[in-house]
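# Chains, contacts and geometry: an overview
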Amino acid sequence: MAEWKCMVCGGNFVDGQLFTFIKGGPIHWSCLVKVINDKFNGKVPSDVLAVLTINRHIHEGIVLAKESEQVASDDSVKQVISSRRKLLEGEAAKLNVDMLKLIESKYGVNIP
């Protein structure tokens, strides 16, 4: 099982936990939210919150898909779930880029 170290807190995490990758490296989801919240002094704009919310749901979907792959007994079902998980991973990566661009271009805030 793959393991990563969070770029913010230094803690480890593995598949099955809620995390993401941003330009600075791997990060716990909770650390990302804290960094964003801190950068906006607790007043995160509604458009950033909207993108962050849908992004969290996509990441939760990835975690659920990985869990479902483990419990599915039929290989064809596992393949269907895996292919959809990979699509979610691609969308999550794109949305991370879009979210960080929004934060940087509209608000002049740099997230590591």
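Residues numbered from 1 in each chain as written. Predicted model: local features only at pLDDT ≥ 70, side-chain atom pairs only at ≥ 80, totals over all residues. Heavy atoms only, no water.

## Side note on the overall build of the protein
Stated formally: Helix and strand labels come from DSSP, where a helix needs a run of H or I of at least four residues and a strand needs a run of E of at least two; each type is numbered from the N terminus. Throughout, exposure labels follow a simple rule: accessible area from a 1.4 Å probe, protein chains only, divided by the maximum for the residue type, with under 20% read as buried, over 50% as exposed, and the rest as partly exposed. Between two residues, a contact is recorded if the distance between any of their heavy atoms is within 4.5 Å. Using a 1.4 Å probe, accessible areas were evaluated by the Shrake-Rupley method; residue-level cover was limited to the displayed protein chains. For the charge count, each Lys or Arg is scored as positive and each Asp or Glu as negative, with His and the chain ends excluded. To locate a charge, the coordinates of NZ of Lys, CZ of Arg, CG of Asp or CD of Glu are taken.
Within the protein, the secondary structure is distributed over three helices and four strands. Taken from N to C terminus, the helices and strands of the protein fall in the order β-β-β-β-α-α-α. Here the C-alpha coordinates of the protein stretch approximately 50 × 25 × 20 Å along the principal axes. Of all 112 residues assigned to the protein, the portion counted as buried reaches 35%. When contacts within the protein are restricted to residue pairs at least 6 apart in sequence, those whose partners lie at least 24 apart make up 46%. As presented, the protein carries roughly 6600 Å² of accessible surface, and 56% of it is formed by carbon and sulfur atoms. Seen as two clouds, the 14 positive and the 13 negative side-chain charges of the protein have centres 6 Å apart.

## Let's talk about the pairing of strand E3 (residues 19–22)
Threshold: Note on pairing: two strands pair once DSSP finds at least 2 bridges between them.
Relative to strand E4 (residues 25–28), E3 is paired through four bridges, and the arrangement is antiparallel. In the sheet register, Thr-20 faces E4, and the bridge partner there is Ile-27. In sequence, E3 turns back onto E4 through a hairpin of two residues.

## So, the packing of aromatic side chains
Defined as follows: Paired rings are identified among Phe, Tyr and Trp, the last through its six-membered ring, by centres lying within 6.5 Å, and are further divided according to the angle between planes into stacked (under 30 degrees), edge-to-face (over 60) and tilted (the rest).
On inspection of all chains with the given rule, the structure shows six aromatic pairs. For the pair Phe-13 and Phe-19, a centre-to-centre distance of 4.6 Å together with 35° between the ring planes defines the contact as tilted. Side by side, Phe-13 and Phe-19 carry an identical accessibility label, which is buried. Where Phe-19 meets Phe-21, the ring centres are 5.6 Å apart and the plane angle is 85°; that geometry is what we call edge-to-face. Classification of Phe-19 by relative accessible area gives buried; the value is 11%.

## What to know about the nonpolar core
To keep it simple, the criterion reads: For this analysis, a nonpolar core means a set of buried residues of the types Ala, Val, Leu, Ile, Met, Phe, Trp, Tyr and Cys, connected via side-chain atoms within 4.5 Å.
Grouped together as the largest cluster of nonpolar side chains are 19 residues, with contacts concentrated most on Leu-32, Ile-36, Phe-40, Ile-103 and Ile-111. A per-element tally of this core places helix H1 (residues 29–39) first, with five residues.

## A short note on helix H2 (residues 46–71)
Spelled out, the test is: Here the expected length of a helix is defined as 1.5 Å per residue gap, with one fewer gap than residues.
The terminal C-alpha atoms of H2, which comprises 26 residues, lie 37 Å apart, in line with the 38 Å expected from a rise of 1.5 Å per residue. Among the residues making up H2, those that are buried are Val-48, Leu-52, Asn-55, Ile-58, His-59, Ile-62, Val-63, Ala-65, Lys-66 and Glu-69. Structurally, H2 contributes buried residues whose contacts are with E3, H1 and helix H3 (75–107).

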